[in-house]
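# Remarks on the overall topology
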Amino acid sequence: MKKNLLLKLAMLPIFLLINSTLNAAHLKGGEITYTWISGNDYEIQLTLYRDCFGITLPTRAIVKTSSISCSIPAIFDTLFPTSSTPIQIVPICSSAVSSCDGGVAFGVQKWVYSKVITLPFNCVDWQFTYSDCCRYSNITAIPFGVDVGAQYSALLNNFDVAHNSSAKFMNNPVLLLSVGGTQTIINGASDIDGDSISVALIPPLDDSGNVITYLPGYSYLEPLSSITPISINPKTGDLGITPIQIEIGIFVYEISEFRNGILVG
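Residue numbers restart at each chain and count upward from 1, following the sequence in its written direction. With the structure being a predicted model, the display of local features is reserved for residues of pLDDT at least 70 and the display and counting of side-chain atom pairs for 80 or more, all residues being used for whole-chain, interface and lining totals. Computation of side-chain values covers all heavy atoms of the structure but excludes hydrogens and water.

### So, the overall build of the chain
- Only runs of H or I of at least four residues qualify as helices and only runs of E of at least two qualify as strands under DSSP, and these elements are numbered from the N terminus. From N to C terminus, the chain includes zero helices and 19 strands.
- Burial here depends on accessible area, computed with a 1.4 Å probe over protein chains only, as a share of the maximum for the residue type. Under 20% is buried, over 50% is exposed, and the range in between is partly exposed. The buried share of the chain, reckoned over its 265 residues, is 52%.
- Partitioning the contacts of the chain with sequence separation of at least 6, the portion at a separation of at least 24 is 69%.
- Values of accessible area rely on a 1.4 Å probe in the Shrake-Rupley scheme; residue burial ignores everything except the protein chains shown. Roughly 11600 Å² of accessible area belongs to the chain as shown, and the carbon and sulfur atoms make up 57% of that amount. Contact criterion: two residues are considered in contact whenever any of their non-hydrogen atoms come within 4.5 Å of each other.

Below is the structure:
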C-alpha cells in the first residue's frame, strides 16, 4: 500500500506590477493545514487569498474529508471565518486607498476558516480538500480566456503515527515582484513537530482536481520567465527568481513531512 502522503499548499499567482480589473474571479491562492488537538481531533484551517477587485469570498467554506484505504468517500464539514478575518496583507502607500477599502490601489485580503473535526478511524491517506472558482482569465502561463478554478488539499497519515500537525509556511505569500532584479521569496517552511520536511514545486489543479496545462515555454517549474533558473530551497521553500517581463504566473508548493523515515503528511 502506497503511503506517500503529501501536504499541498497552493500559493498565489505572482503579480509583476500589474493592475487587476473587476471580474467574477477572486482567488489569488490558498492552502489547507491541520493541527492535532487530542486523540483523533484535529483543527482544520483553510486560508484563502482574495483579490479585492473581484467578488467577495463566502462566509463559510465546505471542506471534504476522505480516505480510500478506509473506504470513506466523503465527509463534509463547514468551516467558518476566524475572528481576525479578513485582514489585508499587501502594504500600500499611506496616501493610497486599497480596493479592499473602496479605493483603486492593489489590495488583497487573507481569509482564514477553521473547525475542529473528529476523524472516525486511523488511516494512512486522510485527505482534506477544498475546491473553488475562479482564478483569473489573464494568467500569462495558461491559455488566454480560460477561467479555471483551484483545488487545495492536505493529506494526513494518522495510522503510522500517533498524531501529527501539518507543516506550514510562516510568512504570507509574496504578491509583487520587480522586473529585472533577482529576488528571493522567503516562505519560511517549518514543522511544529520537528519532522523533516522537503518542499517542491508541483503542478496546479483546477476545481475538479485536474492538472492545469501550461502554454509552451512555461511549466510548473518555470511559471514565469526568469533570466536565471527558478530555484527552490527544499528545506525552507524559499524561491529565487529574476523576472524578465510583466507576467502573471501560478506557483504551487508542496511540503512533504518525514518522521523516522516515514512520510506522514
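Further notes follow.
### Looking at the packing of aromatic side chains
- Between the rings of Phe, Tyr and Trp (Trp by its six-membered ring), a pair exists once the centres lie within 6.5 Å; its type follows the angle of the planes, with under 30 degrees stacked, over 60 edge-to-face, and the other angles tilted. Throughout the structure, instances matching the rule amount to four aromatic pairs.
- Summarising the aromatic geometry, the rings of Phe 169 and Tyr 253 are spaced 5.4 Å apart at their centres and angled 75 degrees between planes, so their arrangement reads as edge-to-face. Taken together, the positions of Phe 169 in strand β11 (residues 168-169) and Tyr 253 in strand β18 (residues 253-259) put the pair 84 residues apart, joining distant regions of the chain.
- Given the relative accessible area of 7%, Phe 169 is considered buried.
- An aromatic cluster is present here, built from Tyr 34, Tyr 42 and Phe 128 joined pairwise through their rings.

### Let's talk about the nonpolar core
- As used in this record, nonpolar core signifies buried Ala, Val, Leu, Ile, Met, Phe, Trp, Tyr and Cys residues forming a set joined through side-chain atoms within 4.5 Å. Ranked by internal contacts, the top residues of the largest apolar core, which has 24 residues, are Ile 32, Ile 44, Leu 46, Leu 48, Tyr 113, Phe 128 and Tyr 130.
- For this core, the elements supplying multiple residues, two or more each, are β3 (27-38), β4 (41-51), β5 (61-67), β6 (72-81), β8 (108-118), β9 (126-132) and β10 (150-156).
- Excluding residues that lie within four positions of it along the chain, Tyr 130 makes contacts with Ile 32, Leu 46, Leu 48, Pro 58, Ala 61, Ile 62, Val 63, Ala 150, Gln 151 and Tyr 152.
- Leu 239, Ile 241, Tyr 253 and Ile 255 belong to the second-largest nonpolar core, a separate cluster that totals 15 residues.

### Points about the state of the cysteines
- Note on terminology: pairs of cysteine sulfur atoms within 2.5 Å are recorded as disulfides. If you walk through the whole model with that rule in mind, you get three disulfides.
- Paired through a disulfide, Cys 70 and Cys 123 show a sulfur-sulfur distance of 2.0 Å. Its torsion about the S-S bond being -115 degrees, the disulfide of Cys 70 and Cys 123 is classed as left-handed. A residue pair is termed long-range when its members are at least 10 positions apart, and Cys 70 in the loop between β5 and β6 and Cys 123 in the loop between β8 and β9 qualify at 53 residues.
- Residue classification places Cys 70 among the partly exposed residues on the basis of a relative accessible area of 23%.
- Assessed through its relative accessible area of 1%, Cys 123 is described here as buried.
- Here Cys 133 connects covalently by a disulfide to Cys 134, the sulfurs 1.7 Å from one another. Classification of the bridge connecting Cys 133 and Cys 134 rests on its S-S torsion, roughly 70 degrees, and on that basis the disulfide is right-handed.
- Described in terms of the sequence order of its bonded cysteines, the disulfide pattern of the chain is 1-3, 2-4, 5-6.

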